[in-house]
Amino acid sequence: MTPEPESASVSAPEPTGTPALADAPAHAIETVFRIESPRIIAGVARIVRDVGIAEELAQDALVAALEQWPREGVPGNPGAWLMATAKHRAIDLVRRRERYARKLVEMGRDLEASAPHGHVDEPADPDDIDDDLLRLVFTACHPVLSAEARIALTLRLLGGLTTVEIARAYLVPEATVAQRIVRAKRTLAAKAVAFEVPYGPEREARLGSVLEVIYLIFNEGYAATAGDDLLRPALCEDALRLARVLAELMPKEPEVHGLAALLEIQASRSVARTGPSGDPVLLKDQQRSRWNRLLIRRGFAALARAETVSTGGGPGPYVLQAAIAACHAHAYTYEETDWARIATLYGLLAARTPSPVVELNRAVAVSMAEGPEAGLAIVDALVAEPALRGYYLLPSVRGDLLVRLGRVEEARGEFERAASLTRNERERGLLLGRAEQCG
């Protein structure tokens with residue numbers, strides 16, 4: 001997770017109800033599709049057994065909506081309409097194939113049950129959505145794909161990110177990301193990878209990639225890389241649901257419970273991270289009474305399970321991050337936060353999974369535990385780090401530390417630089433406001 005003391009910048013998007021669809025159909029339909037597309041692709045992939053074709057059929061459903069909704073009116077349940085339309089086209093495609101008879105036997109009644117029968121506004125079964133999304137995650141994380149391809153494909157299919165957004169997030173050319181996604185789809189089709197949640201050793205072999213992409217999907221929902229909205233709640237909900245399902249499937253894996261604990265606790269803060277107008281609220285200014293105590297308790301319970309099933313060798317990265325999140329959740333006020341323990345945990349995390357971003361987080365914790373000078377020394381050592389060259393949180397954190405040291409003119413330049421690097425409008429507004437305060 002990103003260093004929240006400097007960037008607690010998550011806001012809920014404006015509601016997209018039927019009136020908004022009527023006023024701006026094309027934009028609003030695309031917004032609905034972006035939210036619903038992971039479920040649609042997952043549901044269709046269960047029928048056609050090909051994620052590339054599933055994505056194409058989901059796009060066909062979007063085109064149909066763009067043609068019909070402005071003319072015929074918006075259905076009561078737009079997501080269910082898109083799902084039913086895509087599944088109907090998937091079934092038509094299967095029926096046109098030469099091997100239709102064999103596939104029909106394999107699918108049995110499930111195929112016919114997937115077909116829309118008049119009332120396309122009926123919502124899909126939530127359990128089916130969970131299962132299909134989980135199948136899609138494991139399929140996209142198949143070891144026949146490179147690590148880079150797995151991440152790009154999953155963020156595209158489940159995260160709903162565009163090729164441009166993925167390229168910006170990973171600081172690589174757009175063409176490179178596009179090639180990875182296209183090749184990944186072709187490889188899955190050529191290798192006839194089954195659309196399923198594997199069992200036994202095969203499931204364990206894919207676990208690391210699955211945990212990583214669930215984590216990345218949640219992060220994109222928790223702090224959107226680009227756009228006008230800072231929060232994409234549907235992505236957070238999907239990632240949290242997948243983590244819970246995975247914890248039930250693999251109860252003896254401490255890192256699975258660690259990830260679930262981390263996401264539960266992080267999600268508990270979402271409502272408090274924005275003000276009435278949607279502006280970001282920094283961690284130190286949040287009303288902790290608005291934190292969701294139920295999610296926090298769920299997070300604590302998941303963290304306890306992770307520690308119970310631990311097999312030795314020290315906690316893994318997700319358990320350590322969950323422990324850090326728990327430190328924040330245990331503190332009823334910002335001043336009560338145990339920053340010394342958080343700094344220690346970040347030190348353990350840096351030793352376990354060395355990363356410039358982890359070190360930047362550690363710098364924030366050290367600055368709170370030992371003073372801004374100590375934190376600034378760590379940050380200054382990261383300035384030449386190539387991986388952080390375009391990372392807006394580096395100058396943002398540095399600016400905050402300079403403010404605390406009274407070096408406001410230098411801080412203003414850092415906040416302005418951070419604002420120029422971020423692609424999220426809410427973040428940019430926050431950073432420019434801090435720069436203006438320095439003036």
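Residues numbered from 1 in each chain as written. Predicted model: local features only at pLDDT ≥ 70, side-chain atom pairs only at ≥ 80, totals over all residues. Heavy atoms only, no water.

Undergrad: Quick one: what's the story with the overall build of the protein chain, residue by residue and with numbers?
TA: Along the backbone of the protein chain there are 21 helices and 2 strands. For the protein chain, with 439 residues in total, the buried portion stands at 52%. At a minimum sequence separation of 6, the contacts of the protein chain that also span at least 24 residues come to 70%. Surface summary for the protein chain: the accessible area is close to 19700 Å², and the carbon and sulfur share equals 52%. (Helix = DSSP H or I, 4+ residues; strand = E, 2+ residues; numbered from the N terminus. Buried < 20%, exposed > 50% of the residue type's maximum accessible area, 1.4 Å probe, protein only. Contact = heavy atoms within 4.5 Å. Areas by Shrake-Rupley, 256 points an atom, 1.4 Å probe, with all protein chains shown as cover.)

Undergrad: Can you tell me about empty space enclosed by the protein, naming the residues and giving the values?
TA: Any space left empty among the atoms is revealed by the rolling of a water-sized probe across them. Enumeration over the complete set of coordinates arrives at 1 cavity of 30 Å³ or more. The space that makes up the largest cavity amounts to roughly 60 Å³. Contributing to the lining of the largest cavity are Arg-49, Asp-50, Val-51, Thr-139, Lys-185, Leu-188, Ala-189, Val-193 and Phe-195. When residues of the lining of the largest cavity are assigned to their parent elements, the largest contribution, 3 residues, is made by helix H10 (residues 174–190). Here the lining of the largest cavity is built from residues that sort into 5 nonpolar, 1 polar and 3 charged. (1 Å grid on protein atoms, 1.4 Å probe; cavity = no way out; pocket = protein on both sides within 12 Å on 5 of 7 lines; lining within 4 Å. Points joined across faces, edges and corners; volume = space filled by probe spheres on them. Nonpolar A, V, L, I, M, F, W, Y, C, P; charged D, E, K, R; others polar.)

Undergrad: Describe helix H12 (residues 233–249), with residues and values.
TA: A rise of 1.5 Å per residue sets the reference length of H12, with its 17 residues, at 24 Å; its end C-alpha atoms lie 24 Å apart and thus fit the reference within 8%. Among all positions in H12, only Ala-234, Leu-235, Cys-236, Asp-238, Ala-239, Leu-240, Leu-242, Ala-243, Leu-246 and Ala-247 are buried. (Expected span 1.5 Å × (residues − 1).)

Undergrad: Tell me about the packing of aromatic side chains, residues and numbers included.
TA: Under the counting rule described, the total for this entry stands at 4 aromatic pairs. Between the aromatic rings of Tyr-334 and Trp-339, the centroid separation amounts to 5.9 Å while the plane-to-plane angle is 70 degrees, which identifies the pairing as edge-to-face. The same class applies to Tyr-334 as to Trp-339, namely buried. Just above the ring of Trp-291 sits the side chain of Arg-269; from NZ or CZ to the centre is 5.6 Å. (Phe/Tyr/Trp six-rings, centres within 6.5 Å; stacked < 30°, edge-to-face > 60°. Lys NZ or Arg CZ within 6 Å of the ring centre and 35° of its normal.)

Undergrad: Can you tell me about the pattern of salt bridges, naming the residues and giving the values?
TA: The final tally for this structure, using the stated rule, is 16 salt bridges. For Asp-132, the salt bridge identified is with Arg-135, shortest N-O distance 2.7 Å. Placement of both Asp-132 and Arg-135 in helix H7 (residues 126–140) is noted, with a separation of 3 residues, approximately one turn of the helix. By relative accessible area, which is 4% here, Asp-132 ends up buried. We classify Arg-135 as partly exposed; its relative accessible area is 23%. For the salt bridge of Glu-264 with Arg-298, the shortest nitrogen-to-oxygen distance reads 3.1 Å. Placement of Glu-264 in helix H13 (residues 254–267) and of Arg-298 in helix H14 (residues 293–309) is noted, with a sequence separation of 34 residues between them. Overall, Glu-264 belongs to the buried group, its relative accessible area being 2%. (Salt bridge = Lys/Arg side-chain N within 4 Å of Asp/Glu carboxyl O.)

Undergrad: Give me the side chain of Ser-268: which residues, what numbers.
TA: With respect to the helices and strands, Ser-268 occurs in the loop between H13 and H14. Judged by its relative accessible area of 2%, Ser-268 falls in the buried class. Each residue touching Ser-268, except ones within four places of it in the same chain, is listed here: Arg-290, Trp-291, Asn-292, Leu-295 and Ile-296.

Undergrad: Can you break down unusual backbone geometry residue by residue, with the values?
TA: The backbone of Arg-49 shows a phi angle near 60 degrees, a positive value even though the residue is not glycine. With respect to the helices and strands, the residue Arg-49 is situated in the loop between helix H2 (25–48) and helix H3 (51–72).

Undergrad: Would you mind going over the environment of Pro-198 in detail, with residue names and values included?
TA: For Pro-198, the location among the structural elements is in the loop between H10 and helix H11 (200–222). With a relative accessible area of 2%, Pro-198 lands in the buried category. For the pair Pro-198 and His-142, spaced 56 residues apart in sequence, the C-alpha to C-alpha distance is 9.9 Å. Setting aside anything within four residues of it in sequence, one finds Pro-198 in contact with Phe-138, Arg-203 and Arg-206.

Undergrad: Help me get a handle on helix H16 (residues 339–352), residues and values and all.
TA: The terminal C-alpha atoms of H16, which comprises 14 residues, lie 20 Å apart, in line with the 20 Å expected from a rise of 1.5 Å per residue. Among all positions in H16, only Trp-339, Ile-342, Ala-343, Leu-345, Tyr-346, Leu-349 and Ala-350 are buried. Summarising the axial view, the buried residues of H16 lie within an arc of 160 degrees, below the 170-degree limit, and thus occupy one face. For H16, the elements touching its buried residues are helix H15 (317–330) and helix H17 (356–370). (Arc of directions from axis to C-beta.)

Undergrad: Hey, could you go over the packing of H14 against H15 for me, with residue numbers and the actual values?
TA: At a closest axis distance of 10 Å, the pairing of H14 and H15 adopts a crossing angle of 140 degrees. Classified by the interaxial angle, the pair formed by H14 and H15 is oblique. Crossing hand, H14 versus H15: left-handed. Where H14 approaches H15, its residues Arg-293, Ile-296, Phe-300, Leu-303 and Ala-306 are matched on the opposing element by Val-319, Ala-322, Ala-323, Ala-326, Ala-329 and His-330. (Axes fitted to C-alpha atoms, helices over the stretch in contact; angles between N-to-C directions. Parallel < 35°, antiparallel > 145°, perpendicular 65-115°, else oblique. Left-handed = near helix turned anticlockwise from the far one by under 90°.)

Undergrad: Describe the environment of Ala-178, and please don't skip the residues or the numbers.
TA: Within the secondary structure, Ala-178 is located in helix H10. Here the alpha-carbon distance between Ala-178 and Thr-163, two residues 15 residues apart in the chain, equals 6.2 Å.

Undergrad: Talk me through the confidence of the model for the protein chain; I want residue IDs and the actual numbers.
TA: Caution applies to low-pLDDT regions: their predicted coordinates should not be interpreted in detail. On average, residues of the protein chain score 82 in pLDDT, and 83% of them are at 70 or above. Below a pLDDT of 50 lies the segment residues 5–24, which in the model reaches 53 contacts outside its immediate sequence neighbourhood of four places, other chains included. Predicted confidence is poor over residues 117–130, with pLDDT under 50, and the contacts of this stretch with residues over four places away or in other chains come to 19 contacts. (pLDDT = per-residue confidence, 0-100.)

Undergrad: Give me the lowdown on the packing of H17 against helix H19 (residues 393–404), citing residues and values where you can.
TA: Two numbers describe how H17 lies on H19: the axes approach to 11 Å, and their chain directions differ by 15 degrees. Taken as axis vectors, H17 and H19 run roughly parallel relative to one another. Once H17 is placed against H19, the crossing between them reads as left-handed. Facing H17, whose interface residues are Leu-360, Val-364, Ser-367 and Met-368, H19 presents Leu-393, Leu-394, Val-397, Leu-401 and Arg-404. When the residues that make up the contact of H17 with H19 are grouped by side-chain class, the tally is 7 nonpolar, 1 polar and 1 charged.

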